[in-house]
Amino acid sequence: MPVYAKAGESLQHIMNPLQAAKHPELVLMEGPRPADGYVAADSGRWVLSRAALLQAVSAEKNRRRDSGFMLDGVLWDSDYAARLAYAEMAARFAAAPDCTVHWKASAGNWVMLDSALFDRVRTAAEAHIAAAYEWQRQQEAALASVPDEGQTAADC
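Residues numbered from 1 in each chain as written. Predicted model: local features only at pLDDT ≥ 70, side-chain atom pairs only at ≥ 80, totals over all residues. Heavy atoms only, no water.

Remarks on the packing of helix α3 (residues 80–95) against helix α4 (residues 115–143)
Between two packed helices, the angle of one axis relative to the other and the distance separating the axes together describe the packing. Running from amino to carboxyl end, α3 crosses α4 at an angle of 145°, the nearest separation of the two axes being 11 Å. In the crossing of α3 with α4, the sense of the turn from one axis to the other is left-handed. On the side of α3, the interface is formed by R83, Y86, M89, A90 and F93, while α4 contributes S115, F118, V121, R122 and I129. Taken together, the residues of the contact of α3 with α4 sort by class into seven nonpolar, one polar and two charged. (Axes fitted to C-alpha atoms, helices over the stretch in contact; angles between N-to-C directions. Helix = DSSP H or I, 4+ residues; strand = E, 2+ residues; numbered from the N terminus. Left-handed = near helix turned anticlockwise from the far one by under 90°. Contact = heavy atoms within 4.5 Å. Nonpolar A, V, L, I, M, F, W, Y, C, P; charged D, E, K, R; others polar.)

Following this line, the structure appears as structure tokens:
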């Protein structure tokens, strides 16, 4: 049976064409409704809603933020646990600037961390995280012009 939906709605209505003729607000869709986050467009195509696009942007920002960063050929963790550990290490170096610590930068990457290297790591981590959020800001600004009903995959 053909699939009909009201533009901007995520729920599909399946009915025969005679029933659909009684509902001029329904559009004949090109195929079955895909995954969640898609809504019907006036064109009869399923499109990602702006909310779904913004959610995808946020998830990608989180992935970028938490994926780690390179410094001196070493991958350093940047997920929540690492950021918390860096904050604890900052307090430790503030109390004892001359200490050194064997530090696991990321899986399989151990370094001897002193306050000078830690300052460079902290600066690189801050820049890495700021870049992830700046990327998100730019993507959200670009999506500001996307209609509420979303955009098709071909438009992305």
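Side note on the side chain of K61
By the secondary structure assignment, K61 is in helix α2 (residues 50–66). Buried charge without a partner: K61 forms no salt bridge, and the closest opposite charge is E140, 7.7 Å away. Excluding residues that lie within four positions of it along the chain, K61 makes contacts with A132, Y133, W135 and Q136. (Buried < 20%, exposed > 50% of the residue type's maximum accessible area, 1.4 Å probe, protein only. Lys, Arg positive; Asp, Glu negative; His and termini not counted. Salt bridge = Lys/Arg side-chain N within 4 Å of Asp/Glu carboxyl O.)

Notes on the pairing of strand β9 (residues 109–113)
Here five bridges tie strand β8 (residues 101–106) to β9, and the two strands are oriented antiparallel to one another. Opposite K104, over in β9, you have W110 as the bridge partner. Taken together, β8 and the strand that follows it, β9, pair antiparallel across an intervening segment of two residues, in which G108 is found at a positive phi of about 80°. (Pairing = 2+ DSSP bridges.)

Regarding unusual backbone geometry
Although it is not a glycine, D72 adopts a positive phi angle of roughly 55°. Within the secondary structure, D72 sits in the loop between β6 (69–71) and β7 (74–76).

Things to note about α2
Given 3.6 residues per turn, any residue in an α-helix points the same way as the ones three and four places further on. Helix length check: α2 (17 residues) gives 24 Å between terminal C-alpha atoms against 24 Å at 1.5 Å per residue, within 8%. Those residues of α2 lying buried are A52, L53, V57, K61 and R65. Elements in contact with the buried residues of α2: β5 (46–48), α3 and α4. Positive backbone phi, at 90°, marks G68, one or two positions downstream of α2. (Expected span 1.5 Å × (residues − 1).)

Topic: the pattern of salt bridges
Counted according to the given criterion, the structure contains seven salt bridges. When the shortest N-O distance is used, the salt bridge between R64 and E60 registers 2.9 Å. A residue pair is termed a helical-turn pair when its members lie 3 or 4 positions apart in one helix, as R64 and E60 do in helix α2 at four residues. Taking the relative accessible area as the measure of exposure, R64 reaches 31% and is therefore partly exposed. Between R122 and D119 there is a salt bridge, with its nearest N and O atoms 3.0 Å apart. Residue R122 and its partner D119 are both found in helix α4; the two are separated by three residues, about one turn of the helix. Using a relative accessible area of 34% as the deciding quantity, one classes R122 as partly exposed. What makes D119 partly exposed here is its relative accessible area of 38%. Residues participating in the shared-partner salt-bridge network are E60, R63 and R64.

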